[in-house]
Number of protein chains: 2
Amino acid sequence: MEPLKIVVIGADAAGASAASQAKRRQKDAHVIMLEKTQDVSYGACGMPYIIGLKKDMEEVVAVSAKEFREKRNIDLRLNEEAIGIDTKKRVVLVKNNLSNHQYELNYDKLIIATGAKSNLPPIDGITNEGVFSLKSLEDGRKLNKYLISENCKKAVLIGGGFINLELADNLKKRGLEVVILEKLDNILLEYTDEIRQKAIEELQNNGVKLICSVDIEKIDSPLKVITNKDTFECDVVNVSTGFKPNTDFLIGSGLNFFSNNAIDVDQKMKTNIEDVFACGDCATIYHKLLKKHVYFPLGTNANKQGRIAGINATGGNEVFEGITGTSVFKLFDLGIAKTGLSLKQAQDAGFEPKITTIVANEKAHYLPNNKEIIVSLISDIKTKQLLGAQICSYDGILRINALSVAIYANLKVSEVKYLDFAYSPPYSAVWDAVLICATQADK
Amino acid sequence: MEPLKIVVIGADAAGASAASQAKRRQKDAHVIMLEKTQDVSYGACGMPYIIGLKKDMEEVVAVSAKEFREKRNIDLRLNEEAIGIDTKKRVVLVKNNLSNHQYELNYDKLIIATGAKSNLPPIDGITNEGVFSLKSLEDGRKLNKYLISENCKKAVLIGGGFINLELADNLKKRGLEVVILEKLDNILLEYTDEIRQKAIEELQNNGVKLICSVDIEKIDSPLKVITNKDTFECDVVNVSTGFKPNTDFLIGSGLNFFSNNAIDVDQKMKTNIEDVFACGDCATIYHKLLKKHVYFPLGTNANKQGRIAGINATGGNEVFEGITGTSVFKLFDLGIAKTGLSLKQAQDAGFEPKITTIVANEKAHYLPNNKEIIVSLISDIKTKQLLGAQICSYDGILRINALSVAIYANLKVSEVKYLDFAYSPPYSAVWDAVLICATQADK
């Protein structure tokens, strides 16, 4: 009998997890992992930090091609891109990006893990030298080298999302002047006013210039970003204005898609087509609180979905209970995190939400390193259900995980206020800021 | 009509919370708070840190006597000790500790919040000058002054519990030599081997000498601790070997007591006698996982219980859902925390528990401040229910709160492994150490 043939498209977080898990569970399976680039299994989230640390970009690689091949016995095919699938014939049409050779690859189980790509605005000059869009490892390599080779002193970051915020922090650490240009009238719109304000102060206190309501007119060469407000001369530009799923090659395949063309999956990572799975940034993900699938592309989610796809493609029955929508980023010394729904998301989902925000001591007041922490909780006025939480903190941002679990478990703020949180003066006030906020929210 | 007369015995965490809450809810009530010492509402947990910081011990006071009287309109009676109660006549027998005058104080509602006292071993010489037992604010004041006035260079700490561990840390910060003497053959017995070992290494790396299996023979003057192993000359001794509830004055009152003479209460802080409440370190507390009352004296618990007693003594109906048994302490740079049950506690409670322990990266591996984190999970082999968790970590000990919530919500390790924890390289690896441990535990 032929061994089970599993084809995984994509070798980053989701694909690598899926392939590894499948091969581990079914040792005699033939697991083929196609990767259109030369790069596998890297932590893209780490690239701003590598830049700040002036390290080698290769350090973000988690598992090497050699390890996939020799230790994990996965048939990894680099520079081979899936350009179409035929789910009736059960074949993937593959193109080698070096030789342009094409071939048909048949499968018993197919796992699509093609990730996402930058969703770039149509700016004149966006392909000029010195203009980057940090997303792939190759983007990171090139930017990292360019900063040195061109001895960059001034950076303009287009888009005020978390990639550019992290990049601002790390470019400042390298001594660059940094300007962030945001199209909308503010950044961090999902956050409450108090937390957004604190984040903006942290940017300002560290010398990053943030300008909102900016329309980019064009990018000139030598580098110059021309906008409706001003012209910004600089040595380097990064454009990060969101992602879209890498699913164009699947048009007409019969797969069902979400509104943004992410692949619709169920809680087992199955698509609507038998024996075809999808996972990671190219797919939707189940939201525990909203009780429906959403698009929430994050490395953590991709790893979990990949593992589940690998298990279920080899006869398992793993069910993903869903995300709560947790994310965190660091801005200089400040941690900023959220979980669950924002006020607007909660309203849109049919809840009757309110926001409660408190500012409190993070630690015992007599400790010299005590600073203020801000906690915002979003809760339903009628049922008291905790719907969302946001924190900014210098030293205890992992409190967000406790609130993620509280949302997962459908706790009410009347329960959250008495939760058994760890107390010791170096870590918390005797009433933890989260409990203080929940007590307020329960009134 | 006479105003409601509420007598609160004790003015530290639980009593102060109860009195404040009662007065806030019922402005016309006469709230009398008896305190046998001159001190009110202080954070005893902070005293080792004040010592380490060479600060004024008064900084641990949260609310002053003046504020209770003038802002909160509470009839605070300092140096007045309850020496008996008659629940049929509804009176408290009060003695003024300065004048020795006694009087009967009648009540409509009685809240007992007398806390705990050091449970000292019968050591010959334990009352010598230079021998302390850090528990009350007055103990803290005296020790803090003695360290300076006697220019202490060497300390012997009898008992290897968390007070002496925190004291060891803070005395080292002041430059003292520190020896800890423990009667049992090890310290931190509720912790898993790996975490205990890490804690002991942290002590050793910071120059604290820990000696176990020590029987103290006597304490001589000039200060010398004579043991079965060696004689330790020193300038100062602290004995911290556990607590017992301050309930001797209640013998014969008709109240029901727990095995260690803590007052039995229900989840509303009611005792077995009508209109008599108890809270804080003199009372039991409901354990959510064990589904029964236990003795777990901690400042956080006292504050919560006090608040609930104050609410229910003024006609409220607040129910305490219970602790999970969370605690944390800091040993030099290392945080050590637990929640839920230890293996032995889980076995004793009739579970079929196992321990899973992992050592992992706390943060992204390429960050220079990444260190190792140890996570131990205790889970039931049959049901997979999470029963306990222990962590030691340099930079992310608040992960314990998420596990406290997971235990509160009766989650299984098969759910914990996919929880939506915050990920960003400065805070976590892409698979958080807790999720890695839960994945192992689920196998």
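Refer to the structure printed above.
Quick look at the structure, then. (Residues numbered from 1 in each chain as written. Chains lettered and ligands numbered in written order. Predicted model: local features only at pLDDT ≥ 70, side-chain atom pairs only at ≥ 80, totals over all residues. Heavy atoms only, no water.)

**Quick notes on the pairing of strand β6 (residues 102-106) of chain B**
All names here are of chain B.
Okay, step 1: Burial of β6 is one-sided: the residues Tyr103 and Leu105 facing one way are buried, the residues Gln102, Glu104 and Asn106 facing the other way are not.
Okay, step 2: As paired elements, strand β5 (residues 91-96) and β6 share 5 bridges and run antiparallel to each other. The partner of valine 94 across the bridge, within β6, is tyrosine 103. (Buried < 20%, exposed > 50% of the residue type's maximum accessible area, 1.4 Å probe, protein only. Helix = DSSP H or I, 4+ residues; strand = E, 2+ residues; numbered from the N terminus. Pairing = 2+ DSSP bridges.)

**Brief notes about the interface of chain B and chain A**
Okay, step 1: Taken together, the contact between chain B and chain A spans 62 residues of the former and 62 residues of the latter.
Okay, step 2: For the pair chain B and chain A, the two sides together bury roughly 5600 Å², of which 64% comes from carbon and sulfur.
Okay, step 3: Taken together, the links from chain B to chain A amount to 2 salt bridges.
Okay, step 4: Taking the shortest distance from any N to any O, the salt bridge between lysine 417 of chain B and glutamate 318 of chain A comes out at 2.7 Å. (Contact = heavy atoms within 4.5 Å. Buried area = accessible area lost by both parts, 1.4 Å probe. Salt bridge = Lys/Arg side-chain N within 4 Å of Asp/Glu carboxyl O.)

**Observations regarding the packing of aromatic side chains**
Okay, step 1: Overall, the coordinates contain 4 aromatic pairs over all chains when judged by the stated rule.
Okay, step 2: Plain terms: the ring middles of phenylalanine 320 of chain A and tyrosine 418 of chain B are 6.0 Å apart, the flat faces sit at 75 degrees to each other, and that makes the pair edge-to-face. Highlighted residues: phenylalanine 320 of chain A in the loop between α7 (299-313) and β21 (327-331) and tyrosine 418 of chain B in the loop between α10 (413-416) and α11 (433-441), drawn from two different chains. Across the pair, exposure class does not vary: phenylalanine 320 of chain A and tyrosine 418 of chain B are buried alike.
Okay, step 3: In this arrangement the basic side chain of lysine 288 of chain A is found over the ring face of tyrosine 408 of chain A, its NZ or CZ atom lying 4.4 Å from the centre. (Phe/Tyr/Trp six-rings, centres within 6.5 Å; stacked < 30°, edge-to-face > 60°. Lys NZ or Arg CZ within 6 Å of the ring centre and 35° of its normal.)

**Here's the deal with the relation of the copies chain B and chain A**
Between the two chain copies there is a screw-like relation: a rotation about an axis and a shift along it.
Okay, step 1: The operation relating chain B to chain A is a screw motion whose rotation component is 180 degrees, with 0.0 Å of axial translation and a residual RMSD of 0.0 Å. Such a turn and shift between the copies fits a two-fold axis. Scanning chain B for the C-alpha nearest the rotation axis identifies alanine 402 of chain B, at a separation of 1.8 Å.
Okay, step 2: In this assembly the copies share their binding face: 100% of the residues contributing to the interface of chain B also contribute to that of chain A. (Least-squares fit on C-alpha atoms with pLDDT ≥ 70 in both.)

**Some details on the nonpolar core**
Okay, step 1: Ile112 of chain A together with Ile112 of chain B are the most contacted members of the largest nonpolar core, which has 189 residues in total.
Okay, step 2: Beyond its immediate chain neighbours, meaning those up to four positions away, isoleucine 112 of chain B contacts Ile9, Ile85, Phe249, Leu250, Leu255, Ile263, Val276, Phe277, Ala278, Cys279 and Cys282 of chain B. (Core = buried A, V, L, I, M, F, W, Y, C linked by side-chain atoms within 4.5 Å.)

**A few points about the sheet that holds strand β22 (residues 334-340) of chain A**
All names here are of chain A.
Okay, step 1: Taken in spatial order, the 5 strands line up as β21-β22-β25-β24-β23 in an open sheet, and their pairing is antiparallel. Only two strands of the sheet have a single neighbouring strand rather than two, namely β21 and β23 (353-361). Mean inter-strand twist for the sheet, computed between neighbouring axes without regard to direction, equals 10 degrees.
Okay, step 2: Across 9 bridges, the pairing between β23 and strand β24 (residues 372-380) is antiparallel. Across the sheet, the residue bridging to asparagine 361 is glutamate 372, located in β24.
Okay, step 3: Each of β23, β24 and β25 (386-393) is contacted by helix α11 (residues 433-441), which is oriented at about 140 degrees to β23, the strand it contacts most. (Axes fitted to C-alpha atoms, helices over the stretch in contact; angles between N-to-C directions.)

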